[in-house]
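# Per-entry structural report
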Amino acid sequence: MDQSTQEDQKSQEWERLALKLLKGKPLSSLNQTLLSGLTTKVVYASRPTVTRSVYRQDERWRDVVVSGRIDGRFQHKKRWLEQSSDGLGIVRMLTDDRNKVQRASRIEVLDMEMKSIEQWSRSGLGTLHCDPFALVLLDVHTESGVSESVLQDSVRILRTQEGAHPITIDASLIHGMGGSAQEELLWVLLSLSQLLKWGCLDWSSIWLQLALDADIVQNTVKVRALRQLMQGMAAQRSDVVGSPFVNGETSLRMFTLADSHNNMLRSLYAAVGGIWGGTDGISIHGYDVLSNSSRQAHRIEQNEHRVLDEESGLGNWLDPMFGGYEVETQTQVLCEQVWSEFCTLEEAGGILNLLSGEGWLNRLTRVQSERHHLIATQQRFITGVTAFADANEQIGNDWLSHIQPQFVRDAQPIEQLRAMAGQMSGVKIQVYCLGALSEYKPRLDFLQQWLAVVGWKAEIVEAVSALNGDLRCVVGTEVMYQQELDGILEVLLSIQGPVWVVGNGTNLEHENLTRIRRGLNQLSIWNRVFQQMTVGGDQ
């Protein structure tokens, strides 16, 4: 019996056992579509497989092969410190000491007008870390738009700067505006293609900023796909030399104000995924960067770098995930999706055409809205915010005045609810329980977690007549619901104000009655409760 026949038999036996465990459901029922747009499939694999991708043929960009090890090793990066600079916008300067800003070796422009680029380049203050295409996307320059000649002049000026990487492609901005891995990689390829048209053939002069979130494997896939796609592009051009410096930045989009210590873990996982994927450098934000950027956070961040660089051994390996079936497969799928769309967009005019309308912004907004919906409906959890929230923690509301509408963190809509609830002083939440504690406790815990999301908690009362709070809740067992719930609700609903029941124990319908259960949109429910409290005159 040859090897292929043996493998077929093993695969058939594996499928038979899998279907037995699934009790008649197809194997496809285990497939999952991730936020990145990729679909994970459960398959039998006897050994790691190196996959190759064949993309659609195009007049400009031909087929490329995605296989083999990628280039790139982790290098230690210092922290970024925000500073303002004499009317030239907000910049972040690389520094060794958070209390002593040195002459910056790199500066990232967060808000700068096109006319300021040349002014800065002559100032001798440092190298501008500026993506001109990103400035057009943010529309910070002018309401009438920027012509191709102005953009090309900006790139020309940036290329004349001193420093190893004077040109910047900022894919982290696409991430911050809500994009997934597919949008980030499209932004990079379209930017590289346009730079090639303008004569930027030395890719080693490019600083490529990429966002990294807490999903380790998806980070690895994204960075590996980026490396593979850039190698595929360069292979079709005999005049391209070098490769961009890929710097991974821990995502601010994944950070939370509530339970901000969790951001340390998120940053660590993000860094590990970036290193495994093949970033050249890592920039790690302090866990409290959204609030006060404390000295403690600065030290922890520095130590994260040191542990990753000197103790973990992660930097000693080149593409350590090479050969892993799932990583290789998802890398291939992402590359195929991105390359196919890249060729289509290039035919339509490339990044300049993309920036001329609102289609790209609308796409980023749609992807962001879909992710926020998953979070609001508890299909995706954020620890400390939508799961295991601490009702006693206060996040304040000063941060609301610093919100940038273009950049909405994943936890921000929920945390805005929490800030709103924090302004409603003296709110009384009560719960009446039916049945034995051991039987209704899971529902009571579920209710308390719903309340903790906005920083509230319920007081248990012993009698229905004592339910006179701003939000009145009922929790109980199925048996007690059937016997007493409708009568209790009729009494409660005769009084103005919202009433909650945990579970589906009643068929009553009333505008002030809400059945709290998994899958409901927390944003919608809480906004309605706040409105009911205001209309009722309780606040």
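Everything that follows concerns the structure shown earlier in this document.
None of these values were measured; they are calculated from a predicted model.

## Observations regarding helix α15 (residues 478-493)
Largest kink in α15: about 55°, centred on E484. Among the residues of α15, those classed as buried are M480, Y481, L485, I488, L489, L492 and L493.

## Describing the packing of aromatic side chains
Per the counting criterion, the structure on display carries 10 aromatic pairs. Residues W187 and W360 carry aromatic rings whose centres are separated by 6.5 Å and whose planes lie at 25° to one another, so their mutual orientation is stacked. Highlighted residues: W187 in helix α6 (residues 181-197) and W360 in helix α12 (residues 359-376), separated in sequence by 173 residues. The residues W187 and W360 share a single accessibility class, namely buried. Where W456 meets W526, the ring centres are 5.6 Å apart and the plane angle is 80°; that geometry is what we call edge-to-face. On the criterion of sequence distance, the pair formed by W456 in the loop between α14 (437-452) and β12 (459-461) and W526 in helix α16 (residues 522-535) is long-range, its members being 70 residues apart. Accessibility expressed as a relative area gives 9% for W456, which makes it buried. Among the residues examined, W526 registers a relative accessible area of 0% and is labelled buried. Following the ring pairs from residue to residue traces out a cluster consisting of F446, W450, W456, W500, W526 and F530. Directly above the aromatic system of W399 lies the positively charged group of R409, at a separation of 5.8 Å from the ring centroid.

## A few points about the sheet that holds strand β9 (residues 245-250)
The strand order across the open sheet formed by four strands is β7-β8-β9-β10, and the pairing between neighbours is parallel. At either margin of the open sheet sits one strand with a lone partner, and together these are β7 (167-170) and β10 (281-283). Within this sheet the neighbouring strands show an average axis-to-axis angle of 25°, counted without direction. Where β9 meets β10, three bridges bridge the pair, whose relative direction is parallel. Its bridge partner being in β10, G248 is matched across the sheet by I282. Against the sheet, helix α7 (residues 216-235) makes contact with β8 (206-212) and β9, and its axis sits at roughly 155° relative to β8, the strand it touches most.

## Quick word on unusual backbone geometry
Residues other than glycine seldom take positive phi values, yet D259 does so here, at roughly 50°. Notably, Q378 is not glycine yet its phi reads approximately 60°, a positive angle. On the basis of relative accessible area, Q378 is assigned to the buried category, the value being 12%.

## Description of empty space enclosed by the protein
Taken as a whole, this structure holds one cavity of 30 Å³ or more when the rule is applied. Computed from the structure, the largest cavity encloses a volume of approximately 30 Å³. Lining of the largest cavity is provided by N263, M264, S267, H285, G286, Y287, A297, I300, E301 and E304. Elements represented by at least two residues in the lining of the largest cavity include exactly α8 (262-277) and α9 (295-311). Considering every element that reaches the lining of the largest cavity, the biggest residue donor is α9, with four residues.

About the cut-offs
- Residues numbered from 1 in each chain as written.
- Predicted model: local features only at pLDDT ≥ 70, side-chain atom pairs only at ≥ 80, totals over all residues.
- Heavy atoms only, no water.
- Bend = angle between axes of the 7 residues up to and from the residue.
- Helix = DSSP H or I, 4+ residues; strand = E, 2+ residues; numbered from the N terminus.
- Buried < 20%, exposed > 50% of the residue type's maximum accessible area, 1.4 Å probe, protein only.
- Phe/Tyr/Trp six-rings, centres within 6.5 Å; stacked < 30°, edge-to-face > 60°.
- Lys NZ or Arg CZ within 6 Å of the ring centre and 35° of its normal.
- Pairing = 2+ DSSP bridges.
- Axes fitted to C-alpha atoms, helices over the stretch in contact; angles between N-to-C directions.
- Contact = heavy atoms within 4.5 Å.
- 1 Å grid on protein atoms, 1.4 Å probe; cavity = no way out; pocket = protein on both sides within 12 Å on 5 of 7 lines; lining within 4 Å.
- Points joined across faces, edges and corners; volume = space filled by probe spheres on them.

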